[in-house]
Amino acid sequence: MEAIMLAGGFGTRLRPLTYTRAKSLLPILNKPMIVHLIETLPDEVNKVILAVNYRNDQIEKYFKEHDCGKEIIVNDESKPLGTGGAVKFAEKHISERFLVLNSDVICSLNLSDMIKFHIKNQSMSTISLWPVENVSEFGVADVKENGNIVDFVEKPKAEDAPSEFINAGAYCLEPDILDYIDTGRLISMEKEIFPQIIKDTGRFYGFKFEGYWMDIGRITSYIEAHKFLMQKKKIDICKGDNCEIYGILKESCIGNNVYIGKGSKLNSTIVYDNVVINDNVNLTGCVVGENCKIGSFSDLKNSVLGDNEIAEEETILDNKVIWSQPIPKGYPDKQIGNVIEE
Ligand code: GTP
């Protein structure tokens, strides 16, 4: 069975980390996000098609150097085709029923169970469903008792919502669905193709699951995912190789070759490889990119340093993004130094 992983987004909400790397390669507990997802694939999936465009060279290089136990095909779109267009572009690699997964989701979905549910219902398209409290921020499924989805309502008021279930970003699809998608055009699977399948076939189902679901779209959810997974593993810190730590870490994850000076305190913070944090630095809710340096007596809260940035001694930051380098050509957002979006 084939699985298409949608990994072509720019990840603008995760800038400046995504100025220098593909979103799907952002580390979670020192392992690329997409590898966590590949590890959840059932044994029947033998081929993984990575639908990429932005920073595809990095993704290609990573999988050349690391064996993840499945055949990996890097399918480069050259320009973003949207979630539907990317699936159509992968058509030549599809031979039978297949999976499509957003590669920025960490969850407890059992894909084998979802496939069984799909087959039992003779569905054409089955999507994973997750319950949320804040329905008004999402497309909400009108799902019947037997799992049949008859409509999606975009961002309804709580009292008008047909259910509490939203699209959780994993699909099991019959190859016929490819006939519904035009070639070479920007198409949204969720907004254009799924409503058409519901209308034409009625064979559209939702698979509810329990446990956890995290969409790693923003810096806050990126940090929360780390904390959640550390709690799940019953560890308080995650540490790479060759680190020298003289300070105190709490609910934090650091990469390889990291130096943390005495008197420094890291709380709910992620630090990438090759970073120097001098003495008496406080970091809370921060992400520190590769090759960064933070001077002594600095105090950073809810802030992000892109790769290769330097915070001088006694830097005080609250809710700031630090990026002093040129924005990569073609990156869709021109702003620099934005406050982190909530
Ligand atoms: P933001 O810019 O922060 O919204 O992030 P994003 O670009 O990743 O967009 P979004 O979170 O909506 O994307 C959901 C999933 O679809 C992610 O795994 C993306 O990598 C993927 N994706 C979005 N657009 C495309 C596309 O045009 N082509 C491909 N191949 N994947 C896409």
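Residues numbered from 1 in each chain as written. Predicted model: local features only at pLDDT ≥ 70, side-chain atom pairs only at ≥ 80, totals over all residues. Heavy atoms only, no water.

Once that is clear, we can look at the site of the ligand. Taken together, 20 residues are adjacent to the ligand, and Leu6, Thr12, Lys23, Glu77 and Gly82 come closest. Contact distances for the ligand include 2.7 Å between an oxygen atom and a backbone N or O atom of leucine 6. Within the side chain of aspartate 104, one N or O atom sits 3.2 Å away from an oxygen atom of the ligand. For the ligand, whose accessible area on its own is 620 Å², the fraction buried by protein is 80%. Broken down by element, the shell around the ligand gets its largest block of residues, three residues, from helix α4 (residues 82–89). A breakdown of the residues in the shell around the ligand according to their chemical character gives seven nonpolar, nine polar and four charged. (Near = heavy atom within 4 Å. Polar contact = N/O pair within 3.5 Å; in protein donor to acceptor, adjacent residues only side chain to side chain. Areas by Shrake-Rupley, 256 points an atom, 1.4 Å probe, with all protein chains shown as cover. Helix = DSSP H or I, 4+ residues; strand = E, 2+ residues; numbered from the N terminus. Nonpolar A, V, L, I, M, F, W, Y, C, P; charged D, E, K, R; others polar.)

So, about the sheet that holds strand β24 (residues 293–294). If you trace the five strands from one edge of the open sheet to the other, you get β15-β18-β21-β24-β27, paired in parallel fashion. Of all strands in the sheet, those bounded by a partner on one side alone are β15 (244–245) and β27 (310–311). Bridge count between β24 and β27: two bridges; the pairing is parallel. Bridge pairing in β27 places isoleucine 294 opposite alanine 311. (Pairing = 2+ DSSP bridges.)

Right, let's talk about the nonpolar core for a bit. Of all hydrophobic cores here, the largest spans 39 residues; its most connected members are Met5, Leu41 and Leu99. Once residues within four sequence positions are removed from consideration, methionine 5 is found in contact with Ile34, Leu37, Ile38, Leu41, Val48, Ile49, Leu50, Ala51 and Leu101. In terms of nonpolar packing, the next biggest core, distinct from the first, is built from 30 residues, Ile149, Ile181, Ile187 and Ile197 among them. (Core = buried A, V, L, I, M, F, W, Y, C linked by side-chain atoms within 4.5 Å. Buried < 20%, exposed > 50% of the residue type's maximum accessible area, 1.4 Å probe, protein only. Contact = heavy atoms within 4.5 Å.)

This part takes up the domain arrangement of the chain. By domain assignment, the chain separates into domain 1 (2–215) and domain 2 (236–322). Tallying the contact residues gives nine residues for domain 1 and 15 residues for domain 2. Approximately 820 Å² of surface area, both sides summed, lies buried where domain 1 meets domain 2, with 63% of it carried by carbon and sulfur atoms. Taken together, the connections running from domain 1 to domain 2 amount to two salt bridges. Counting across the interface, domain 1 meets domain 2 through four residue pairs in polar contact (both at pLDDT 80 or more). Residues of the side of domain 1 that touches domain 2, tallied by class, amount to five nonpolar, two polar and two charged. (Domains from an automatic or database assignment. Buried area = accessible area lost by both parts, 1.4 Å probe. Salt bridge = Lys/Arg side-chain N within 4 Å of Asp/Glu carboxyl O.)

Turning to unusual backbone geometry, a few remarks are in order. At the junction of arginine 15 and proline 16, the peptide bond is cis and its omega measures out at 5° in the coordinates. By the secondary structure assignment, proline 16 is in the loop between β1 (2–6) and α1 (17–20). Positive phi, close to 55°, is recorded for lysine 234, a residue that is not glycine. Turning to its location among the elements, lysine 234 is positioned in the loop between α7 (219–232) and β14 (237–239). The backbone of asparagine 302 shows a phi angle near 45°, a positive value even though the residue is not glycine.

In this section: the sheet that holds strand β25 (residues 299–301). Sheet architecture is open: five strands sit in the order β16-β19-β22-β25-β28, paired in parallel fashion. Two strands close off the open sheet at either side, each with one partner strand: β16 (248–250) and β28 (316–318). Along the sheet, successive strands turn relative to each other by an average axial angle of 5°, direction set aside. Sheet analysis places β16 next to strand β19 (residues 265–267), joined by three bridges and oriented parallel. Note that in β19 the partner of leucine 249 across the bridge is leucine 266. (Axes fitted to C-alpha atoms, helices over the stretch in contact; angles between N-to-C directions.)

Okay, the pairing of strand β11 (residues 165–173) next. β11 sits mainly inside the fold: eight of its nine residues count as buried. Two strands pair when backbone bridges link them, and strand β8 (residues 125–131) and β11 are joined in this way by six bridges, in the antiparallel orientation. Considered in β11, the bridge of tryptophan 130 is made with isoleucine 166.

Among the secondary structure elements, serine 128 is positioned in strand β8. Filtering out sequence-adjacent residues up to four positions away, serine 128 remains in contact with Leu109, Met114, Ile166, Asn167, Ala168, Gly169, Ala170, Phe207 and Phe209.

Counted under the stated rule, the structure contains 14 aromatic pairs. For the ring pair tyrosine 54 and tyrosine 331, a centre distance of 5.6 Å and an interplane angle of 70° mean the geometry is edge-to-face. On the criterion of sequence distance, the pair formed by tyrosine 54 in the loop between β4 (47–52) and α3 (56–65) and tyrosine 331 in the segment after β29 (321–322) is long-range, its members being 277 residues apart. Of the two residues examined, tyrosine 54 and tyrosine 331, each falls in the buried class. Measuring from ring centre to ring centre gives 5.2 Å for tyrosine 62 and phenylalanine 63, while their planes differ by 80°; the resulting arrangement is edge-to-face. The pair tyrosine 62 / phenylalanine 63 is uniform in exposure class, with both members buried. Of note, lysine 92 hangs over the ring of phenylalanine 89, and the distance from its end group to the ring centre comes to 4.4 Å. (Phe/Tyr/Trp six-rings, centres within 6.5 Å; stacked < 30°, edge-to-face > 60°. Lys NZ or Arg CZ within 6 Å of the ring centre and 35° of its normal.)

Let us now look at helix α5 (residues 111–120). Within α5, burial applies to Leu111, Met114, Ile115, Phe117 and His118. For α5, the buried positions fall inside an angular range of 160° around the axis, keeping them on one side. Projecting away from the buried face of α5 at angles above 90 degrees are the exposed residues Lys116 and Lys120. Contact partners of the buried residues in α5: β6 (98–102), β8, β11 and β12 (204–208). Among the residues of α5, the N-terminal cap falls to asparagine 110, whose side-chain oxygen and the backbone nitrogen of serine 112 are separated by 3.0 Å. With its phi angle positive at about 50°, glutamine 122 sits one or two positions after the end of α5. (Arc of directions from axis to C-beta.)

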